[in-house]
Amino acid sequence: MDLFKQPNLFSTNEIIKTEFNLPGAEVILFENFFSVEESDRLYHSLIENTIWEQDQMTIYGKQVDLPRLTAWYGSEDELMVYAESESRMVPWNADLLFIKERIEQEVDIKFQRCLLNYYRDGNDSVDWHQDYEADQRKNTVIGSVTFGETRNFQLKHATRKDLNRVDIPLEHGSFLIMQGATQDNWKHKIPKTSRKIRPRINLTFRWIE
Ligand SMILES: O=C(O)CCC(=O)C(=O)O
Ligand SMILES: [Fe+2]
């Protein structure tokens, strides 16, 4: 039985592709990119087998835990500096290579590394941010895959106040591409929620020039 999608009269397992028409951004969503069976299997396997870390950040001079668990995987053995702490990148495993190869069929690049996020409940979140430092943001590709609970992925323009915020619910088995100048011009966030919800795993596969 599908853990995260309740069957209804109109439900379909077809892949649904949506291209968002946002100024200065290229954002494409594929719903049902992974089948329900694949998504259920990967959800459990990633929760159990990922080497999750509790990283910290500084707020008003105090060290506090990030509101989620994270892990860096990739092909190079290098130190990643993320949220001010250093972590060594873990080599790709079979699950990640399976996901990476599937999503690379939709983009013309090979992803170099992946940041996994584990949102344990509605208190876990990520605040408004742009991925990468300003000088690295041009022409990046982020492939974002979700397993588990649906969370609202929010996008807002970094400078233009005349543009409305966009909310994209990211469902079990979905795949979202952010490319071109998206990171340069738009911020994104996963807000907290007081709803009683189950965990969500998100994988952001990353490519930079
Ligand atoms: O969980 C998500 O969908 C977004 C994660 C994110 O923005 C990040 O890891 O940089
Ligand atoms: Fe991000």
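Details of the structure are given in the entry above.
Within any chain, residue numbers begin from 1 and follow the written order of that chain's sequence. Key to labels: chains lettered from A, ligands numbered from 1, both in the order written. Totals for whole chains, interfaces and linings use all residues, but because this is a predicted model, local features are given only for residues with pLDDT of at least 70 and pairs of side-chain atoms are given and counted only at 80 or more.

### Considering the pairing of strand β11 (residues 141-148)
Any residue whose C-beta has 12 or fewer other C-beta atoms within 10 Å is treated as exposed, any with 20 or more as buried, and any in between as partly exposed, C-beta atoms being built from the backbone. Under the scheme used here, helices are H or I runs from DSSP no shorter than 4 residues and strands are E runs no shorter than 2 residues, and both carry numbers assigned from the N terminus. A large share of β11 lies buried, amounting to eight of its eight residues. Strands are treated as partners if at least two bridges between them are detected by DSSP. Both β11 and strand β16 (residues 200-207) contribute to a ladder of eight bridges, which runs antiparallel. If you follow V141 over to β16, its bridge partner there is W207. In the sheet, β11 pairs with strand β14 (residues 174-179) via five bridges, with the strands oriented antiparallel. Residue pairing for β14: V145 is matched across the bridge by F175.

### Observations concerning unusual backbone geometry
Negative phi values dominate among residues other than glycine, just as trans dominates among peptide bonds. A positive phi angle, close to 75 degrees, is found at Y132, a residue other than glycine. Turning to its location among the elements, Y132 is positioned in the loop between β10 (126-129) and β11. Since 15 C-beta atoms lie within 10 Å of it, Y132 is described here as partly exposed. Of note, N139 is a non-glycine position whose phi angle comes to about 55 degrees, a positive value. Structurally, N139 is set in the loop between β10 and β11.

### Side note on the sheet that holds strand β15 (residues 186-190)
Two pairing modes exist for strands in a sheet, parallel and antiparallel, and in both the strands are linked by backbone hydrogen bonds. Spatially, four strands are ordered β10-β15-β12-β13 in an open sheet, and the strand pairing comes out antiparallel. Each of the sheet's edge strands pairs with one partner strand only, and the pair in question is β10 and β13 (166-170). When strand polarity is set aside, the average angle formed by the axes of neighbouring strands in this sheet is 20 degrees. Bridge analysis of strand β12 (residues 151-157) against β13 gives five bridges, and the strand direction is antiparallel. What sits directly across from Q154, in β13, is D167. Note on definitions: angles span 0 to 180 degrees between N-to-C directions of axes, and those axes are lines fitted to C-alpha atoms, for helices only across the stretch in contact.

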